[in-house]
Amino acid sequence: MFSEPSRRLILAHFWVAFIAFLAALFLGEWQMFMRSPLTAWISNPDWYYRSVTAHGSAMGYVFPTLVSMGFGYAIIELSLKQTLIGHRWAWAGLAMVVAGTVTAMLPVSMGLASVLYTFYPPIIGNVFYYLGIVLVVLGSWIWVALMVINLRAWKKRHGAIPIPLPMFASVASAYLWGWTSIGATIEILFQILPAAFGWSTTIDAGLARIFFSWTLHAIVYFWLMPAYIAFYTLLPRAIGGRLYSDVMARLSFVLFLVFSMPIGMHHLFQDPQVGAGIKFLHAVFTAMVSIPTLLTIFTICASVEIAGRLRGGTGLFSWISALPWKNPMMLAVTFSFILLGFGGAGGLINMSNQLDFVVHNTQWITGHFHLIFGGAIVIMYFALAYDLWPHLTGRELILGRMMRTQLWLWFIGMIVMTFPWHLTGIMGMPRRMAYFDYADPALAALALPVIMSVIGGLLLVLSGCLFMWILLNVKGSEQKAMPEFCFSAAVHPPTHLPVALNGFTLWLALMIGLTITNYGFPIVQLLRLGQTSVPAIHVGPPR
Amino acid sequence: MTPLPSSVKKNRLTAISVGVVLAVGSVAAGIGFVWIPTSQNGSTATGFFDAICSAAGVPLAYRPLKLAATATNRPSDIMTANWALGTHDDKEIARGAALAMSCTACHIAHGTNATAFPNLAGQVDAVIYKQLNDFKAGHRINPIMQPIAMSLDDRSMRDLAAYYADLPRTYPLQAIEDSLQPPALVRNGAPMRGVAACASCHGDSKNSAFTPRLDGMPVEYLTTQLTNFSHAERHNDINQQMRNVARHLSATDIVDVSRFYAGR
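Residues numbered from 1 in each chain as written. Chains lettered and ligands numbered in written order. Predicted model: local features only at pLDDT ≥ 70, side-chain atom pairs only at ≥ 80, totals over all residues. Heavy atoms only, no water.

This part covers the nonpolar core. Counting 185 residues, the largest nonpolar core has A:F14, A:F18, A:Y73, A:Y129, A:Y130, A:M380 and A:L388 as its most contacted members. Residue contributions to this core peak at 19 residues, all from helix α6 (residues 205–233) of chain A. Setting aside chain neighbours within four positions, we find A:F18 in contact with A:F63, A:V67, A:A385, A:W389, A:F467, A:M468 and A:L471. Counting residues in each nonpolar core, the second largest holds 21 residues, with B:I93, B:C103, B:L132 and B:L167 among its members. (Core = buried A, V, L, I, M, F, W, Y, C linked by side-chain atoms within 4.5 Å. Buried < 20%, exposed > 50% of the residue type's maximum accessible area, 1.4 Å probe, protein only. Helix = DSSP H or I, 4+ residues; strand = E, 2+ residues; numbered from the N terminus. Contact = heavy atoms within 4.5 Å.)

On to the packing of helix α8 (residues 246–259) of chain A against helix α15 (residues 505–528) of chain A, then. Residues and elements named next belong to chain A. Packing of α8 against α15 brings their axes to within 7 Å, and their N-to-C directions diverge by 25°. Considering their axes alone, α8 and α15 lie roughly parallel with respect to each other. Across the interface between the two elements, V254, L257, V258 and F259 of α8 pack against W507, L508, L510, M511 and L514 of α15. Among the residues forming the contact of α8 with α15, the class breakdown is nine nonpolar, no polar and no charged. (Axes fitted to C-alpha atoms, helices over the stretch in contact; angles between N-to-C directions. Parallel < 35°, antiparallel > 145°, perpendicular 65-115°, else oblique. Nonpolar A, V, L, I, M, F, W, Y, C, P; charged D, E, K, R; others polar.)

Tallied over the full model, the rule gives 17 salt bridges over all chains. A salt bridge links A:R8 to A:E4; its shortest N-O distance comes to 3.5 Å. Of this pair, A:R8 and A:E4 are both found in helix α1 (residues 4–34), four residues apart, which corresponds to roughly one turn of the helix. Residue classification places A:R8 among the partly exposed positions, given a relative accessible area of 46%. With its nearest N and O atoms 2.6 Å apart, the salt bridge here joins B:D237 to B:R243. Residue classification places B:D237 among the buried positions, given a relative accessible area of 6%. Members of the salt-bridge network, linked through shared partners, are B:E92, B:R95, B:R155 and B:D159. (Salt bridge = Lys/Arg side-chain N within 4 Å of Asp/Glu carboxyl O.)

Encoded structure:
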């Protein structure tokens, strides 16, 4: 069970995460509404871009980071069965994330840093926005260090015993985040902040985008990790089954660790400063990163089938009806897989240089990542919160039926919002634009899909509010002793594992090696080329 | 069967993992850096090594396209930037003032007028310099300005540019009531027609980098120039940017935006 200090620490992480999430959710729906035909244009695009920056930064940098951090600390105590080492550091990390969020959001809300969460150099916003982001990242690095330290302490006491799968996956995620966040940190510290402070009047935007791409792809796998950890370690237990293969699970996580980061330049397919050969290299390795997801789909479906058959299901498919469909975890994973299927297919399209040309910077891209992250992943954040909440609060969640309603609303809302969104992208509607004149006959066909997306978004806002309501409605005013928390057991619990699947050295070496081969030449070349800087353009009110 | 010791297991998994990554990387590199670049037609790379370097992102040596020989087939010989002519000292301005005496017949003493001739007072110096050069070289056709520009040398053009840039504006001369609210074309352009917002280049900024200030220009002058751009009769915009925009403007659009700028 949780030690009392850790319980409060983890709850604090989740509460801050979900409050930031809810605020950003409202902002997102406002954006959808403002650029739809349902309202007159507010005549000032600056409001829209403030919201885009705030929504993106909160949903991208704050919310999933805090969920990972809280979940990671929970896993340390629950799977290693040891008290968290480094409590004060953990609280300091949380404080830094909160302080960083506030520091960043203040200039954004004042319109001084409408640079969007991908920063978009050479436009430069207010210094404090970037300092805030740096603070958030530094806070998360404390979490990375604590995950590694706590695992080391456990290994010292337990030798070569297999690391419990939840911890193995969490530490892989921590290492991944630690390595991938370096790119954006370099970009901010060495390129953007000098321009923001005024020490430099030019910035190498191409190099900055390369450093950002270092972070940009693997960050989404960092977001994805808690969901996949829930797939492997929470779902089978929740539905009364077993994990099909512990080894396959570990393999998936180490494949993510190796291949998530050195593929970032598929976000730069349309950038001229990267050679076509390098882009091809990244596209090929991006194909490799689809493998762990395919493995996961197989393993989890197999695990679910085990549960179905243990519950008396028979036949080729009729075991599906024997599954516990009233269980929120069962619903959440099913919805997540459906959304993952569609979102992943869209991702395969984006992975191809040629196909990406058609959809680049259109609303297809926004539809895609809302479907895959907002859909497949965030629904699992809800599910893992529901799973942990009784143990974190010491009280039962009483609104069982509402949990299912909340999940259904999220699923339907996400489909209604994102499917027409993809369509508008194929019809050529650009992203990150604040204003569309739907009266123009050339744009009139976009009106209906956009309105549908607004309705979908409304369902999501409702679902988000329900989620908070459910978390607040715990039974009773006193904490009770909860049954022992357990993770999923594998069909064959591992007794001996190859060192490679019980440690990270090999995979870290491969990850770093691939980073050098895939990123080394473009970075060095741009650093050495003399004429690659452009004037920095400061946004915000006129000086 | 006796289980393999973990050291052998470790080495096998390590070997397989490293081997797979190396193999995938080598094949991808072979295809991306060697096969595709060398088999593509139309690449400006010469030679095998050049093609590989180009695929890696090394910029190729710049091989400029041959420009057309005659002046009318080239849009201009001058690219302007507002810092290009540097700062102006009083001597330049004084010389320019002397030269400008003969300009006052059409462009009036204060350089502003309510007829069809462009106002020059407060115009960006690089813009005046470019237009005079374009008249002289034949990139911009005008029966009145061309003979005048022929008689100017480079020094004189710079002086005139300095003088007019320094001349204070007295405008607007034409009070146009409905010019207060910028038309949609000025604010937002017409994206579906590929028309950028006028304000994106001809906006309020004093730091216009290379675009003429349109504030207070005579309506007739602006409509004539836009119409000429739309038919490519005027073609001294270097990258066709004005021609591309003007081509998609209706006659009403041209009048609307002209009236707006004339009234500022």
